Amino acid sequence: MKKPIVNRCRPKHALFIMLLAAMSIFAASASAATVVTLKVYQGFKFSDQTVTINGDKQADLSFFVNQGRQGAYSFALGALGGAKIKEFGTETPGVRDLSPGTVVGWESYVNAPSPGMYVVQGADGQSLYLIKVISFENQGKASSFWKLNFSWEKIR
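Everything numeric here is computed off the predicted structure, so don't read it as measured data.

Turning our attention to the overall build of the protein. For the protein, the count of helices and strands is one helix and nine strands. Mapped in sequence order, the helices and strands of the protein form the string α-β-β-β-β-β-β-β-β-β. Per-residue burial over the protein gives 31% buried out of 156 residues. Summed over all atoms, the accessible surface of the protein reaches about 10100 Å², with 57% contributed by carbon and sulfur.

Written as structure tokens, this is what we have:
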């Protein structure tokens, strides 16, 4: 009596399914961006992926408080700073057109960073990084509780 076809094909199917599963796990881990959390007065160095204290001149990105005043009222705004930085809203900018020369007119900080896309020039003056701000937590509390969560990738 012949074995059913299903039994004869099972080892091949099992191998194929295992290969597919391994490829999906690898693809998911390769495309998953690392989320970085900065507390206020901290910075981040992309080259070695370290969190620094604010004021570190080697930090590529800094999260700090920008004090403002309007009439008799003073207020604190969260700010994101770098050598040069620009907010692009929710759309990913055309990174092919960006170079260290195109960022010359940008500011060195943006106030009240909201979820969306930013490009920052690295402290070396040559590197460019695409930043995706995921959240700015605890804005209703004292600035010492503020946290900024973002992911990033190097453009140049």
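So much for the structure itself; the text now carries on.
Turning to the packing of aromatic side chains, a few remarks are in order. Applying the stated criterion to the full structure yields nine aromatic pairs. Taken together, a centroid distance of 5.4 Å and an interplanar angle of 85° make the contact between Phe-63 and Phe-136 edge-to-face. A residue pair is termed long-range when its members are at least 10 positions apart, and Phe-63 in strand E4 (residues 61–70) and Phe-136 in strand E8 (residues 128–137) qualify at 73 residues. Assigned by exposure class, Phe-63 and Phe-136 land together as buried. Ring pairing ties together the aromatic residues Phe-44, Phe-46, Tyr-129, Phe-150 and Trp-152, which thus form one cluster.

Let's shift gears to the nonpolar core. Within the largest apolar cluster, 20 residues are counted, with the highest numbers of intra-cluster contacts made by Phe-46, Leu-61, Ile-131 and Phe-150. Of all the secondary-structure elements, those providing two or more residues to this core are strand E1 (36–39), E4, strand E5 (73–87), strand E7 (116–121), E8 and strand E9 (147–154). Here this core takes four residues from E8, the largest share from any one element. The residues touching Leu-61, leaving out its near neighbours within four places in the chain, are Gln-42, Gly-43, Phe-44, Phe-46, Leu-80, Gly-81, Ile-85, Val-120, Ile-131 and Phe-150. Formed by eight residues, the second largest nonpolar core is a distinct cluster that contains Val-103, Trp-106, Met-117 and Leu-128.

So, how was this worked out
Residues numbered from 1 in each chain as written. Predicted model: local features only at pLDDT ≥ 70, side-chain atom pairs only at ≥ 80, totals over all residues. Heavy atoms only, no water. Helix = DSSP H or I, 4+ residues; strand = E, 2+ residues; numbered from the N terminus. Buried < 20%, exposed > 50% of the residue type's maximum accessible area, 1.4 Å probe, protein only. Areas by Shrake-Rupley, 256 points an atom, 1.4 Å probe, with all protein chains shown as cover. Phe/Tyr/Trp six-rings, centres within 6.5 Å; stacked < 30°, edge-to-face > 60°. Core = buried A, V, L, I, M, F, W, Y, C linked by side-chain atoms within 4.5 Å. Contact = heavy atoms within 4.5 Å.

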